[in-house]
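Chains, contacts and geometry: an overview
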Amino acid sequence: MPDSQRQPPPTPDQGALVLCGARLTDGRTVDVRLGGGRIEAVGTAGTLARGPARAGATRVDLRGYLLLPAPAEPHAHGDTCLTAEPPGPPSATPEAVRRRVTEATLLQLGHGATAVRAQVRIGDVQGLGALEAVLQARRSLRGLAELTTVAMPRLLTGVAGADGLAMLRDAVKMGADVVGGCPDLDPDPIGYAEAVLEVAAEQGCPVDLHTDAGDSARLSRLAAMAGGLRPGVTLGPCAALARLPAETAHRVADRLAAAGIAVVCLPQGGCAGTERRGTAPVRLLRAAGVRVAAGSGALRDLANPVGRGDPLEAAYLLASVHGMCPADAYDTVSASARAVLGLSEVRVEAGFPAELLAVRGEELAGALSLAYSRIVVHRGRMVARTSAVREYGNSGAGAELGLPRQGRKRLS
């Protein structure tokens, strides 16, 4: 079933929240009233902030901020995050994994991601210990962020894969939201994918598979097997698809679109589940009708020791390096990412879920370029705030030109 269907019930309403003077991407400046985890009203700036407020209502001044649907993170690695720096092999104890995944999810929440899908390896010496640790972290983060899990067995075919297949079923019973893994690492990649799809069909779970997508015939066969499977199939990061001949890549993209398979690319770097770095051909895929989302991948682990886990950086890279317009780039980390996770659509309109990100800036391109100050709203509550202050030495240059400043101070 979709990730969202396994989430805990909404937290009790903590009182209305009124976001005052926010700018929208269409240029309007508005007040937005939130309550019960949803957007209750959107009005011209000043109309909802004036007059007697609802009991317990809190006003937040968002003048100078752009208000957006919150991003979601469709591809994190919960068990390996934050393991690049300590000397020696990282601890794999449940306590250590729980601590790391909690810290990583809060870091991503601070960037704006109110929902995170974490890939978790099962089997080998860890068994289901890492998964249990991530599930514990999910419970402790309730009300702050939505953390869901993908169970990833190492092998699923042959004699060696029998234990992995049994453990995959156990993982779903334990609470894993999605079944997945890395077909490329199994001696029989197609057999691996068939096993994952079989378990997904049995349990009614989404599928999330890691693949470089360098074998067009294998990818086409996977698309044929997965076509129409509900609640959905996601592939990523598919970096090798960009290195296929153009005609072949177009043909594969058409088959993925026909099968309803989504692709999650990783513009910020690779991850431990694939061998090559690079970004899938996002414009080609979108032109073919494939839903494309962007994830962060490795967050300061051995695959990317400087990974930030920042969805706005992913959108920035898609716009800056891959030529997407800012609106389409942001869609990959917001609307499309939420759709991949099975979450409800978010718009800054009455009736929609109150999952919002306010970024200092007046328009989307500038926000992606200089997204330092951020305010994050989850289920109608302000759950994270990051403030950046830029200071300059005394000079009349900026004042004479009326240039905007993020800070109110100058260096003496």
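Residues numbered from 1 in each chain as written. Predicted model: local features only at pLDDT ≥ 70, side-chain atom pairs only at ≥ 80, totals over all residues. Heavy atoms only, no water.

1. Comments concerning the packing of helix H3 (residues 158–174) against helix H4 (residues 189–203)
- The N-to-C vectors of H3 and H4 enclose an angle of 30°; their axes lie 11 Å apart at closest approach. Here H3 is positioned roughly parallel relative to H4, judged by the angle of their axes. Our pair here, H3 against H4, has a crossing hand that is right-handed. On H4, the residues that touch Leu165, Leu168, Arg169 and Val172 of H3 are Ala195, Glu198, Val199, Glu202 and Gln203.
- Grouping the constituent residues of the contact of H3 with H4 by class yields five nonpolar, one polar and three charged. (Axes fitted to C-alpha atoms, helices over the stretch in contact; angles between N-to-C directions. Helix = DSSP H or I, 4+ residues; strand = E, 2+ residues; numbered from the N terminus. Parallel < 35°, antiparallel > 145°, perpendicular 65-115°, else oblique. Left-handed = near helix turned anticlockwise from the far one by under 90°. Contact = heavy atoms within 4.5 Å. Nonpolar A, V, L, I, M, F, W, Y, C, P; charged D, E, K, R; others polar.)

2. So, the side chain of serine 296
- Relative to the helices and strands, serine 296 is located in the loop between strand S13 (292–294) and helix H8 (311–320).
- Of note is the side chain of serine 296, whose polar atom sits 3.2 Å from the side chain of glutamine 268.
- Setting aside its immediate chain neighbours within four residues, serine 296 contacts Glu73, His75, Gln108, Leu266, Gln268, Gly309, Asp310 and Pro311. (Polar contact = N/O pair within 3.5 Å; in protein donor to acceptor, adjacent residues only side chain to side chain.)

3. Things to note about the environment of arginine 63
- For arginine 63, the position within the fold is in the loop between strand S4 (58–61) and strand S5 (65–69).
- Judged by relative accessible area, which is 60%, arginine 63 ranks as exposed.
- Measuring from C-alpha to C-alpha, the distance between arginine 63 and cysteine 20 comes to 7.0 Å, with 43 residues separating the pair along the chain.
- Arginine 63 has contacts with Cys20, Gly21 and Arg360, leaving out every residue within four places of it along the chain.
- Of the polar contacts made by the side chain of arginine 63, one reaches the side chain of aspartate 61; its length is 2.6 Å. (Buried < 20%, exposed > 50% of the residue type's maximum accessible area, 1.4 Å probe, protein only.)

4. Let's talk about the pattern of salt bridges
- Applying the stated criterion across every chain, the model contains 18 salt bridges.
- Across the salt bridge formed by arginine 347 and glutamate 345, the nearest N and O atoms sit 2.8 Å from each other.
- One network of salt bridges, with partners in common, ties together Arg169, Glu198 and Glu202. (Salt bridge = Lys/Arg side-chain N within 4 Å of Asp/Glu carboxyl O.)

5. Details of the confidence of the model for the protein chain
- For the protein chain, per-residue confidence averages 90 on the pLDDT scale, and residues scoring 70 or more make up 89% of the total.
- Across residues 4–13, confidence stays below pLDDT 50; counting only partners more than four residues off in sequence or on other chains, it has 24 contacts.
- Here residues 407–412 is a poorly scored stretch, pLDDT under 50, and it has 16 contacts once near neighbours within four places are set aside; other chains count. (pLDDT = per-residue confidence, 0-100.)

6. Some thoughts on the environment of glutamate 95
- Among the structural elements, glutamate 95 can be located in helix H1 (residues 94–111).
- Note on glutamate 95: relative accessible area 67%, which makes it exposed.

7. Details of the nonpolar core
- Among the nonpolar cores identified, the biggest contains 81 residues, and Val207, Leu256 and Leu285 are the most heavily contacted of them.
- Considering each element in turn, this core owes the most residues, seven residues, to H4.
- Core analysis: the next-biggest nonpolar cluster, separate from the first, contains 20 residues, Ala22, Val32, Leu356 and Val377 among them. (Core = buried A, V, L, I, M, F, W, Y, C linked by side-chain atoms within 4.5 Å.)

8. A word on helix H9 (residues 326–333)
- All buried positions along H9 are accounted for by Ala329, Tyr330, Thr332 and Val333. Angular distribution of buried residues about the axis of H9 spans 150°; they occupy a single face of the element. (Arc of directions from axis to C-beta.)

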